[in-house]
Amino acid sequence: MVHRVHLAVLPFAAGILWVQQSAQLPAWPLWLTVSVVAGATIAALAGSTGDIRQPGALPAHRFVSVLLLLAAFCAGVAWSAWRAEQRLADRLDEAWEGRDVVVSGVVVGLPNDFGRGEGFEFAVDTVSTAGAVVPRRLQLNWYRPAARADVLPELQPGQRWQFTVRLKRPHGGVNVGGFDYEAWLLGRGIRATGYVRPGPAALLAATVWQPEALIARSRAAVRAHFERALPAADHPWRGILVALAIGDQRAIDGGLWTVFNKTGVTHLLSVSGLHVTLVAGLFGAAVGGLWRRVPALVLRWPAQKAGLLAAGAMALCYSLLAGFGVPAQRTLYMLWVALAALLAARNVAADRVWALALGVVLVFDPWSVLAPGFWLSFLAVGALLYIGKAQRETGGWRRQLRAFGAVQWAATLVTLPVLLFVFQQFSLVSPLANALAVPLVSFVVTPLALLGAVIPWDGVLIAAHWLLDLLMHFLFWCADWPLWQAAPPPVWSLLPALAGVVLALAPSGVPVKGLGFALLLPLLFWPGEGVPFGEARIDVLDVGQGQAVVVRTANRVLVYDPGPRYSPDADAGQRVLLPFLRAQGVDRIDRLIVSHADADHAGGLAALQSALPVGDLLSSEAGIGRACLAGEGWRWDGVEFALLHPAVDDADLGKNDRSCVLSVRSSGQRVLLVGDIEAAAEARLAARGDDLKADLLLVPHHGARTSSSVPFVLAVDPAHAVFSVGYRNRFGHPHPGVVDRYEAVGARLWRTDRDGALQLAMRPDGLQVAARREVQRRYWHGR
């Protein structure tokens, strides 16, 4: 069975994936016991029957194969659950959230300047505050005082500091289609986030000689070199070169990701397997060539083996320099297995190398299965191995062109199920864009960027940027082409889709090859879950300290507030609303209402407008669309909408009090969305004699004490009250007194920081509210 052991990697991966989708961690000792028993049974059968591959031993052979798959699956479950249990044990106690703690440790990773300060990872080695228990690894922000933009010292990886910090446990938004920040932190071993308190901070050592810190310092030096050689004002694509050289994708302008997604070239912005292989191959060839020129070295050891070792060492160095992402890890392990086989003069099949690399990645990082890039990377390479004959074609340029086309076709087809399942879209122009981008970036731009990182001549980087400028003009043209967008398909559709890919890529002459494309149809044309006529679905998204609401009827979509801005390069429109709208199959916003112009409500406006057509824009702020005024109403698909505020004579009110107030009526229920109105606006609404009674209220101003006056709460008398608030936000929202008022009228309280995104279904049988943290619960949430 040795020849089949590599097949156990797939059920091992399935066991790990099952754990990472679980709401609670399974009991790993039980699963480990099952795995050991199955493995012992395999060994006993193999010892008693001899060669179980003989025809007479076929039943035993099949039984052993089943046991092998079972043992591997259970091993994957046990390994992943044990690793998770160990990592979750390194935690911040709730009692120490939001309290000052003095810690000492080392800056690791690359510090990131986000405008208002610097973010960095911090490895704690000493906690000076008595009784405090702090996780070993933190994500910290060090904010600049508003009055002094240059007050922070220059942070460098490898420095040892003592800080006073305030921490909180890992927390992120939970939305349909959204990025799971808590899972990302868990995978990186970061078990608390926080910020450096104002006051004295002591630099204890300029450099700590730790491997991780030294690697990060090397990466920082390369980034600083690029910044000096390519001033941002004249070199808008500098961040792309930084990403190609050291894997720091944060250097790329946030707006460019829309272009890369639309053209299907996002994979090129990570340090891919092709980049690692190219660098390792060139270095290995150079060492081998030089080795041959020294007779004494050749007599001591063959030049070919010296070149292979050099290639393996360079692959490791480049992978570490590039941040050791999944594509780089996959390539590194595959190269090492292949190089070991060559050094040992053994022939190892490519599929075994692929499987072993997959297993090694999962052993070191069982959380990697949560990243779409993991599946895209391994599936793409698997497809290239599957059509290996096309890759090995030799001859004239026509055959080489056909081989290149086959590679592009295979990579596009095999990643299609993952892209549609995770992102609900794929680029129709991707094959064309990649036909130019792949060779240019992989064989010209990336080598130039790496060369520019090691030689002190800026001309190399300038040349790389010039070529990149030509490519970006082409990609901007390609980005205007349409995308294929579909509703999120069910999980079961992935199995026939992947089987369809295997058939579609099968060699010519396979009888059922055409069936492969038919198996892809459910994934491509899945209708999705619609909203019945006369009903409405209202989603209060989990955007942190801010507000974003999506209202859907049978054929229309309204967005009430596009959410907050998080940093100069990130906002809720880009990170939360667009993924959510894609997951619902939405390709157009019929009406967008910006309640008022505060950044926590309007910060995502530009991202939505640039990504989707917006039919009508309303706001209480001059210069943002047309004015929302009380008295306007409309009816969509049997659902009634009405604006209740502000009136024409409300110009004397402050910005918050002029927030647009929207009423939604459907199936006999009513929902009120009121923005940040405060007591003055609440009094005017009541004075106009409007009927304010509602089944659900989006609590004004996130539950601030200046809102939700007693008369207003009594007038609305909601059965449900929703607070859109950030976890442990600095404003203390919602105020305890406000919470008491809604509890006094018997309202059920919902909070986005506790419950995640909330989906409200307005149906004939009543208003139903579902909390995303319950529907989508994972074992790491809140831990």
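No experiment lies behind these values; they were computed from the predicted model shown.

Asker: Got a minute to help me understand the overall build of the chain in this structure?
Answerer: A tally of regular secondary structure across the chain gives 28 helices and 25 strands. In terms of overall dimensions, the chain has a C-alpha envelope of 95 × 65 × 55 Å along the principal axes. Split into buried and exposed, the 783 residues of the chain put 50% on the buried side. Of all intrachain contacts in the chain linking residues separated by at least 6 positions in sequence, the fraction that spans at least 24 positions is 69%. Side-chain charges of the chain comprise 69 positive and 59 negative groups, with the mean position of each set lying 11 Å from the other.

Asker: For this particular structure, what's the right way to read the pattern of salt bridges?
Answerer: Side chains that carry opposite charge are capable of pairing whenever their charged atoms lie near each other. A complete count under the given rule lists 25 salt bridges for this structure. With a shortest N-O distance of 2.3 Å, arginine 688 and aspartate 650 are connected by a salt bridge. Placement of the pair is arginine 688 in the loop between α24 (679-687) and β21 (696-698) and aspartate 650 in the loop between β18 (639-645) and β19 (661-666), with a sequence separation of 38 residues. The class for aspartate 650 is buried, based on a relative accessible area of 1%. The salt bridge partner of aspartate 755 is arginine 754, with a shortest N-O separation of 3.0 Å.

Asker: Got a minute to help me understand the layout of surface pockets in this structure?
Answerer: The gaps of empty space that remain are located by a probe, the size of a water molecule, rolled over the atoms. A volume near 430 Å³ is recorded for the second largest pocket. Forming the walls of the second largest pocket are 16 residues, and the residues nearest its centre are Val279, Met314, Tyr318, Leu450 and Val454. Broken down by secondary-structure element, the contributors of at least two residues to the lining of the second largest pocket are α5 (211-229), α8 (273-292), α10 (303-321) and α16 (430-454).

Asker: Looking at this model, I keep getting lost on the packing of aromatic side chains. Mind explaining?
Answerer: Aromatic ring pairs are described here by two measures, namely the spacing of the ring centres and the angle between the planes. Applying the stated criterion to the full structure yields 26 aromatic pairs. A centroid spacing of 4.9 Å and a plane angle of 90° characterise the contact between phenylalanine 374 and tryptophan 375, whose relative ring orientation is edge-to-face. On the accessibility criterion, phenylalanine 374 (1% relative accessible area) is buried. Assessed through its relative accessible area of 27%, tryptophan 375 is described here as partly exposed. Seen in terms of ring centroids, tryptophan 634 and phenylalanine 641 are 5.5 Å apart; in terms of plane orientation they differ by 5°. Their pairing is stacked. Residue classification places phenylalanine 641 among the buried residues on the basis of a relative accessible area of 3%. Feature note: the residues Phe120, Phe122, Trp142, Trp161 and Phe163 constitute an aromatic cluster, connected by ring pairs. Stacked on the ring of tryptophan 96, the Lys or Arg arginine 99 has its end atom at 3.8 Å from the ring centre. Above the face of the tryptophan 634 ring, arginine 591 is positioned so that its terminal group lies 4.2 Å from the ring centre.

Asker: Help me out: how do you make sense of the nonpolar core in this one?
Answerer: Nonpolar side chains tend toward joint burial in soluble globular proteins. Counting residues in hydrophobic clusters, the biggest one holds 74 residues, and the most contacted among them are Phe226, Ile240, Leu241, Ile252, Phe260, Leu362 and Leu475. Look past the residues within four positions of leucine 362 in its chain and what remains in contact with it is Phe12, Ala13, Ile16, Trp79, Ser368, Val369 and Phe374. Listed in part, the 30 residues of the second largest apolar core include Leu558, Val671, Leu696 and Leu758.

Asker: I would appreciate a short explanation of the sheet that holds strand β22 (residues 720-723) in the present structure.
Answerer: As summarised here, the arrangement of the seven strands in space is β17-β18-β19-β20-β21-β22-β23, forming an open sheet in which the pairing is mixed. Whereas interior strands pair on both sides, the edge strands pair on one side only; in this sheet they are β17 (633-636) and β23 (748-751). Within the sheet, the average angular offset between the axes of one strand and its neighbour, ignoring direction, is 20°. Sheet analysis places β18 next to β19, joined by five bridges and oriented antiparallel. Looking at the pairing, histidine 645 lines up with valine 661 of β19. Relative to the sheet, helix α26 (residues 736-744) contacts β21, β22 and β23, its axis offset from that of β22 by approximately 160°.

Asker: Just to check I follow, could you spell out the sheet that holds strand β9 (residues 536-540) for this structure?
Answerer: Sheet strands pair by backbone hydrogen bonding; their relative direction is either parallel or antiparallel. Sheet architecture is open: eight strands sit in the order β16-β15-β14-β11-β10-β9-β24-β25, paired in mixed fashion. Each edge of the sheet is formed by a strand with only one pairing partner; in this case those strands are β16 (626-627) and β25 (766-771). As paired strands, β9 and strand β24 (residues 758-763) are joined by five bridges and run antiparallel to one another. Along β24, the bridge assignment pairs valine 540 with leucine 758. The strands touched by helix α21 (residues 572-583) within the sheet are β9, β10 (548-552) and β11 (557-562), with β11 carrying the most contacts at an inclination of about 160°.

Calculation criteria
Residues numbered from 1 in each chain as written. Predicted model: local features only at pLDDT ≥ 70, side-chain atom pairs only at ≥ 80, totals over all residues. Heavy atoms only, no water. Helix = DSSP H or I, 4+ residues; strand = E, 2+ residues; numbered from the N terminus. Buried < 20%, exposed > 50% of the residue type's maximum accessible area, 1.4 Å probe, protein only. Contact = heavy atoms within 4.5 Å. Lys, Arg positive; Asp, Glu negative; His and termini not counted. Charge placed at Lys NZ, Arg CZ, Asp CG, Glu CD. Salt bridge = Lys/Arg side-chain N within 4 Å of Asp/Glu carboxyl O. 1 Å grid on protein atoms, 1.4 Å probe; cavity = no way out; pocket = protein on both sides within 12 Å on 5 of 7 lines; lining within 4 Å. Points joined across faces, edges and corners; volume = space filled by probe spheres on them. Phe/Tyr/Trp six-rings, centres within 6.5 Å; stacked < 30°, edge-to-face > 60°. Lys NZ or Arg CZ within 6 Å of the ring centre and 35° of its normal. Core = buried A, V, L, I, M, F, W, Y, C linked by side-chain atoms within 4.5 Å. Pairing = 2+ DSSP bridges. Axes fitted to C-alpha atoms, helices over the stretch in contact; angles between N-to-C directions.

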